[in-house]
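# Overview (structure and organization)
Here are the chains, one letter per residue:
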Amino acid sequence: MSRIGETTLEIDLNALAHNYSYLKSMILPETKFLAVVKAFAYGSDMVAIAKKLESLGVDYFAVAYAKEGVLLRDAGIERPILVLHPQPAHLDCLIDRCLEPSLYSKNILNQFLKTAQQKKQEAYPVHIKFNTGLNRLGFGENEVDFILKELEQRSEVKIKSIFSHLAASEDPREKEFSKAQITSFEKIAERISQKLNYKTLRHIVNTSGIINYPEAQFEMVRSGIGLYGYGNDAEIDSKLKPIATLKTIISQIHHIKPNETVGYNRAYKSDRSKTTATLPLGHADGIGRQYGNGRGYVLIHGKKAPIIGNVCMDMIMVDIDGIDCKEGDEVLVFGQQNSAEVFASSANTISYEILTAISQRVKRIITGT
Ligand SMILES: *Cc1c(COP(=O)(O)O)cnc(C)c1O
């Protein structure tokens, strides 16, 4: 019988501490470290992760939305929290909870200034986001004068940092493009610093940027995936430790005859006698249908058991032919042995997606200290 008794996502804080110190060793001691803990800390446990990182001395946190920052504040997190994609509906709440907005367009800048004025703020810390090629969020280089002019006469806010985001930091074929983004960012930052009578932080690199463009660490780096144990690169992956391990158990074993089918739409048809196991984990838990029909596999006692047939909402069926196992036995979906990167690639996706997909229905267990 398994110790876990149900589908469980184990989160190893010792692995997190290892990854943090590895990433810190890649940057200068004076460079600040911002930990990206959006999306429940990439599907793990945002509060446990943030508390651990705060105890380790991390300088900054980032979340995508204000609501995520509120969860951190409610849990007692005191470090500054950058909200990468603040929504107009949450600007009041953002100020109330001392969260720091990324201002990326004229529209959000003006709305934030209005809210800051209504709430009688002075020198409220804001971060100005520039688009240098990702074309997702951010002011253009041609809007620098507008921003400076707008903020010059306003004492409500103060620019804490200027930042941008690389489009392909993990891809060596895009080195020229990434370097052009860095140069363009540097120029923008230079123009702004000439006009301000105070210093701002500058940051552009994410995890793969830390590894591939250490010369562009400026005053701060932002890391998400690296903290969780993945580096978009086999060599870096070998130095990091996945923090999250998804385990489940065998609910039931079936012995099927030739020509019987398994699962909805009878998508799997066996040409011989076969043994299958049903696992309490489905697309509602984050295992998308693209993992079905032989693409993804799990490990049972170290052996590969392919997912057969269509993924159901609450269950998957796996082929356990040749695996000595019984009902109640433990099953490894991904983790330190079967990496989420490898599991994700079976469905043509990336570690980021499978990690953040693990739904809140799955029990989290924190291990390590
Ligand atoms: C999510 C995000 C990051 C983190 O990227 P990783 O590749 O996970 O290190 C950094 N910066 C921004 C703007 C992001 O949205």
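Naming follows an unreviewed UniProt entry, where the protein appears as Alanine racemase of Flagellimonas ochracea. Its UniProt record gives the protein the following Catalytic activity (unreviewed entry) comment, quoted word for word: "L-alanine = D-alanine". In its Function (unreviewed entry) section, the UniProt record describing the protein reads: "Catalyzes the interconversion of L-alanine and D-alanine. May also act on other amino acids."

### Focus: the site of the ligand
Not every one of the 13 residues close to the ligand is listed here, only the nearest: Lys38, Tyr42, Thr207, Ile225 and Tyr352. At 3.1 Å, a side-chain N or O of Asn206 approaches an oxygen atom of the ligand. Out of a free accessible area of 390 Å², the ligand has 94% covered by protein chains. More than half of the atoms of the ligand fall within 2 Å of the grid points belonging to the largest pocket. For the shell around the ligand, the secondary-structure elements that each account for two or more residues are α2 (38-43) and β9 (220-223). Per-class residue counts for the shell around the ligand are 5 nonpolar, 5 polar and 3 charged.

### Some details on the UniProt feature "binding site: substrate" (unreviewed entry) in the protein
UniProt's feature table lists "binding site: substrate" (unreviewed entry) at Arg136 and Met313, given in the numbering used throughout. The named residues occupy 178 residues along the chain; their greatest pairwise C-alpha distance, 32.5 Å, places them well apart from one another. In the annotated set above, the residues contributing to the lining of the largest pocket are Arg136. When its relative accessible area of 56% is taken as the criterion, Arg136 is described as exposed. If we ignore the near neighbours within four places in the chain, the residues touching Arg136 are Asn131 and His165. Here Met313 is to be found in the loop between β16 (303-308) and β17 (316-319).

### Examining the packing of helix α6 (residues 106-118) against helix α7 (residues 144-152)
Where α6 meets α7, the axes come as close as 12 Å, and the angle between the chain directions of the two elements is 5 degrees. With respect to each other, α6 and α7 are oriented roughly parallel. Facing Lys106, Leu109, Asn110 and Leu113 of α6, the residues of α7 in contact are Phe146, Glu150 and Leu151. Residue classes in the contact of α6 with α7 are distributed as 4 nonpolar, 1 polar and 2 charged.

### Remarks on the pairing of β17
Covered by surrounding structure in β17 are Ile316 and Val318 together with Met317 and Asp319, the residues of both alternating faces. Of the pairings in the sheet, the one linking strand β14 (residues 274-279) to β17 comprises 4 bridges and is antiparallel in character. Following the sheet pairing, Leu279 is matched in β17 by Ile316. Direction of pairing for β16 relative to β17: antiparallel, over a ladder of 2 bridges. Residue Ile308 lies in a different strand from β17, and its bridge partner there is Met317.

Rules behind the numbers
- Residues numbered from 1 in each chain as written.
- Predicted model: local features only at pLDDT ≥ 70, side-chain atom pairs only at ≥ 80, totals over all residues.
- Heavy atoms only, no water.
- UniProt positions renumbered as here; feature names shortened; annotations may be inferred.
- Near = heavy atom within 4 Å.
- Polar contact = N/O pair within 3.5 Å; in protein donor to acceptor, adjacent residues only side chain to side chain.
- Areas by Shrake-Rupley, 256 points an atom, 1.4 Å probe, with all protein chains shown as cover.
- 1 Å grid on protein atoms, 1.4 Å probe; cavity = no way out; pocket = protein on both sides within 12 Å on 5 of 7 lines; lining within 4 Å.
- Sits in = over half its atoms within 2 Å of the grid points.
- Helix = DSSP H or I, 4+ residues; strand = E, 2+ residues; numbered from the N terminus.
- Nonpolar A, V, L, I, M, F, W, Y, C, P; charged D, E, K, R; others polar.
- Buried < 20%, exposed > 50% of the residue type's maximum accessible area, 1.4 Å probe, protein only.
- Contact = heavy atoms within 4.5 Å.
- Axes fitted to C-alpha atoms, helices over the stretch in contact; angles between N-to-C directions.
- Parallel < 35°, antiparallel > 145°, perpendicular 65-115°, else oblique.
- Pairing = 2+ DSSP bridges.

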